[in-house]
Each structure stands twice: as C-alpha cells, then as structure tokens.
Amino acid sequence: MSSAKKGRFIVFEGLDGSGKGTQIRLLEKRLSEIGRSVALTAEPTDSALGGIIRDALSGDPVRSPSELAAIFLSDRIRHCSDKKKGIKVLLESGKDVICDRYYFSSFAYQGIDTDIDWVIDMNLNCPEIIRPDICIFLDVDPDTCMERIDSSRAFTEIYEKASTLSRIRKRFFDVFERLGDTENIMIVDASRSPEEISEEIANALSRL
Ligand code: TYD
C-alpha cells in the first residue's frame, strides 16, 4: 500500500442480517463528531461488475462459486484502484474509509464451496488490493439473521438460508483463526443493543 495513506481503512463483516448497516451509520456519526472525514463504501460495488454479482446473488443466472469468487475479485480490484473514487485515492486524501464487506466475505461465502486457499491467495497476493487497518466482525447467530432477513425483505438471496449461513459463519471463524496473526480482526457480540455494540467498537478504534 502506498506510504501516502493518511486515513484509516475500516471493514465491517458479518452474516446477512447481522446489523452492519446500523453500526456503520453509528460509527460514521461518531467519527464525524470528532472531526474525521469519512467515506462510506460497500461490496459488491455499484459498478457494472457489481450488477453482474447482484444478478448472480438473486440466482439468475446461476454462477459457480469459483466464477463468483473471480468476479468479486475483479470488482474489488476496481474498488481499490479506481482513479476517482477508489479506496486508495480516498485514503490518500485523508478520509477514513468504512467498507461494508471486503475480502473476508469472499473467503467465507465463496470459501464454503470452492478452494478457499485459492480464494485467499488471489486476494491477499493481488498488488492492488489494500489491507484494512481493522476488520470488525458482527457476530449474530444464523437463526436471528434469518428472522431479520425474512421480516425486512420479500425476496432472499442465494446464501440466505439458516443452514448455509451456519456454514458461512463457521468459515468466517476458520479464516479468522488462520489469518489472526496477519490481519487485525475484532469479533463483536452483535446480539446486544446497537448502542452497546457501537461503544465497544469506538473504544477499540480509539486504540488504533
Ligand atoms: P447485499 O444484500 O448487497 O448486502 P448485505 O451485506 O447487507 O447482505 O449482499 C451482499 C451479498 O454478497 C452477501 O450475501 C454476501 C455476498 N458476498 C460474497 O458472497 N462474497 C464477497 O466477496 C462479498 C463482498 C459479498
């Protein structure tokens, strides 16, 4: 990563329905209040590749896990390196970047059905892909996530089944154990109130 990086790169991860959106908004507010300039972003992105991914997540067309891992990778490369609004440019301009999902999602979601070593290698060894300063994982049990998804939306995506979410959650934990020495990962019990969770995250970030 460029030595010109000035902002912090904060990634939120969690199962679908784990409350990332709420925590991202609360953190943005806290950081803005202490005078930080914050940029919010997310994966899949709103690029043409993001559109291809969203179609696949809805199940039409059906894409293989490896194909999906490769499309997410391409979307991520562009997300990092876009000359106007890429993560690298934002960090170099001094903004803190908060990203809703990043390569840990590829490891956990695509990693349940394809070669996880290949997915990890191609992301971590890609020169354009930036390492986050911290990954905050919001841990909520899969049944609660499914209840939240069912009550908030009329449609579900390909991963949104309790049994699949359980496998993905396990994969997240396998990955965190494996990468714990090289990645800064914070696991948060996200079954508590949004305010309590936000407080814990803010305390951890103040030590960054
Ligand atoms: P989306 O509905 O856009 O948002 P949310 O994060 O709120 O669930 O869902 C994104 C989906 O894409 C989610 O099911 C996780 C999945 N995903 C992957 O499978 N691999 C990835 O690399 C990323 C970034 C996301």
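The structure this text deals with has already been given above.
Here we summarise the structure given alongside this text.

What counts, and at which threshold
Every chain is numbered independently, its residues counted from 1 as its sequence is written. Note on the predicted model: pLDDT of at least 70 is required for a residue's local features to be given, and 80 or more for side-chain atom pairs to be given and counted; whole-chain, interface and lining totals, by contrast, use all residues. Here the side-chain values reflect all heavy atoms present in the structure, with hydrogen atoms and water set aside. Where helices and strands are cited, they refer to DSSP runs of H or I of at least four residues and of E of at least two residues respectively, numbered from the N terminus. An expected span of 1.5 Å times one less than the residue number is assigned to each helix. The classification of residues rests on relative accessible area computed with a 1.4 Å probe and restricted to protein chains. Under 20% of the type maximum is buried, over 50% is exposed, and intermediate values are partly exposed. Throughout, a contact is declared for two residues whenever any of their heavy atoms are within 4.5 Å. Here, axes are lines fitted to C-alpha atoms. For helices the fit covers the stretch in contact, and angles between N-to-C directions go from 0 to 180 degrees. Put simply, angles under 35 degrees are roughly parallel, angles over 145 are roughly antiparallel, angles from 65 to 115 are roughly perpendicular, and the rest are oblique. Each helix crossing is assigned a hand: it is left-handed if the near helix lies turned anticlockwise from the far helix by less than a right angle, otherwise right-handed if that turn is clockwise. Gly counts as polar in this scheme, as do all residues outside two lists: the nonpolar Ala, Val, Leu, Ile, Met, Phe, Trp, Tyr, Cys and Pro, and the charged Asp, Glu, Lys and Arg. Paired strands, as defined in this entry, are two strands with at least two bridges between them according to DSSP. Only a single heavy atom is needed: when it lies within 4 Å of a molecule or strand, its residue is near that molecule or strand. Counted as a polar contact is a pair of N or O atoms within 3.5 Å, where, for protein atoms, one must be capable of donating a hydrogen and the other of accepting one, and residues adjacent in sequence contribute only when both atoms are in side chains. For the accessible areas, the method is Shrake-Rupley and the probe is 1.4 Å, while residue cover comes only from the protein chains on display. We define a salt bridge as a side-chain nitrogen of Lys or Arg found within 4 Å of a carboxyl oxygen belonging to Asp or Glu.

Some details on helix α3 (residues 65-81)
Reasoning step 1: The terminal C-alpha atoms of α3 lie 24 Å apart, and with 17 residues this matches the ideal 24 Å at 1.5 Å per residue to within 8%.
Reasoning step 2: Residues Leu68, Ala69, Ile71, Phe72, Leu73, Asp75, Arg76, His79 and Cys80 constitute the buried set of α3.
Reasoning step 3: Contact partners of the buried residues in α3: β2 (38-42), α2 (48-57), α4 (87-92), β3 (96-100), α5 (103-109) and α6 (116-124).

Considerations on the packing of helix α7 (residues 142-152) against helix α8 (residues 162-179)
Reasoning step 1: Contact geometry of α7 with α8 gives a least axis separation of 9 Å together with a crossing angle of 130°. As the angle between them shows, α7 and α8 are arranged oblique. In the packing of α7 onto α8, the handedness of the crossing is right-handed. Residues Pro142, Asp143, Cys145, Met146 and Ile149 of α7 pack against Ala162, Leu165, Ser166 and Arg169 of α8.
Reasoning step 2: In terms of residue class, the contact of α7 with α8 is made up of 6 nonpolar, 1 polar and 2 charged.

Some thoughts on the pairing of strand β1 (residues 9-14)
Reasoning step 1: In terms of residue burial, β1 counts as a mostly covered element, since 6 of its 6 residues are buried.
Reasoning step 2: Residue alternation in β1 divides its side chains into two sets, Phe9, Val11 and Glu13 and Ile10, Phe12 and Gly14, and both sets are buried.
Reasoning step 3: Sheet topology places β1 next to strand β4 (residues 134-139); 5 bridges connect them, and they run parallel. If you follow Ile10 over to β4, its bridge partner there is Ile134.

Here we look at the sheet that holds strand β5 (residues 185-189)
Reasoning step 1: Read across the open sheet, the 5 strands follow the order β2-β3-β1-β4-β5; overall the sheet is parallel. The sheet is open, and its two borders are formed by β2 and β5, each paired with just one other strand. Here the average twist between neighbouring strands, direction ignored, is 20°.
Reasoning step 2: Inspection of the sheet shows β2 paired to β3 by 5 bridges, in the parallel sense. Residue pairing in the sheet places Ala42 in a bridge with Asp100 of β3.
Reasoning step 3: Packing against the sheet, helix α1 (residues 20-33) makes contact with β1, β2, β3 and β4, and its axis sits at approximately 155° to β1.

Side note on the site of the ligand
Reasoning step 1: For the ligand, the set of nearby residues contains 16 residues, the closest of which are Asp16, Lys20, Arg101, Ser106 and Gln110.
Reasoning step 2: One of the side-chain N or O atoms of Asp16 is found 2.7 Å from an oxygen atom in the ligand.
Reasoning step 3: In the model, an oxygen atom of the ligand is placed 2.5 Å from a nitrogen or oxygen of the Ser106 side chain.
Reasoning step 4: Burial of the ligand by the protein amounts to 88% of the accessible area it has alone, namely 550 Å².
Reasoning step 5: Here the element with the most residues in the shell around the ligand is α5; it accounts for 3 residues.
Reasoning step 6: Residue classes in the shell around the ligand are distributed as 5 nonpolar, 3 polar and 8 charged.

A short note on the pattern of salt bridges
Reasoning step 1: Within this structure, the stated rule accounts for 21 salt bridges.
Reasoning step 2: With its nearest N and O atoms 4.0 Å apart, the salt bridge here joins Glu13 to Arg101. Taken together, the residues Glu13 in strand β1 and Arg101 in the loop between β3 and α5 connect sequence positions 88 residues apart. The burial state of Glu13 is the same as that of Arg101; both residues are buried.
Reasoning step 3: The closest approach of N and O atoms between Arg167 and Asp113, which form a salt bridge, is 3.2 Å. Of this pair, Arg167 sits in helix α8 while Asp113 sits in the loop between α5 and α6; the two residues are 54 residues apart in sequence, bridging distant segments of the chain.
Reasoning step 4: A relative accessible area of 40% places Arg167 in the partly exposed class.
Reasoning step 5: Assessed through its relative accessible area of 46%, Asp113 is described here as partly exposed.

These values are about where atoms sit, not about what they do.
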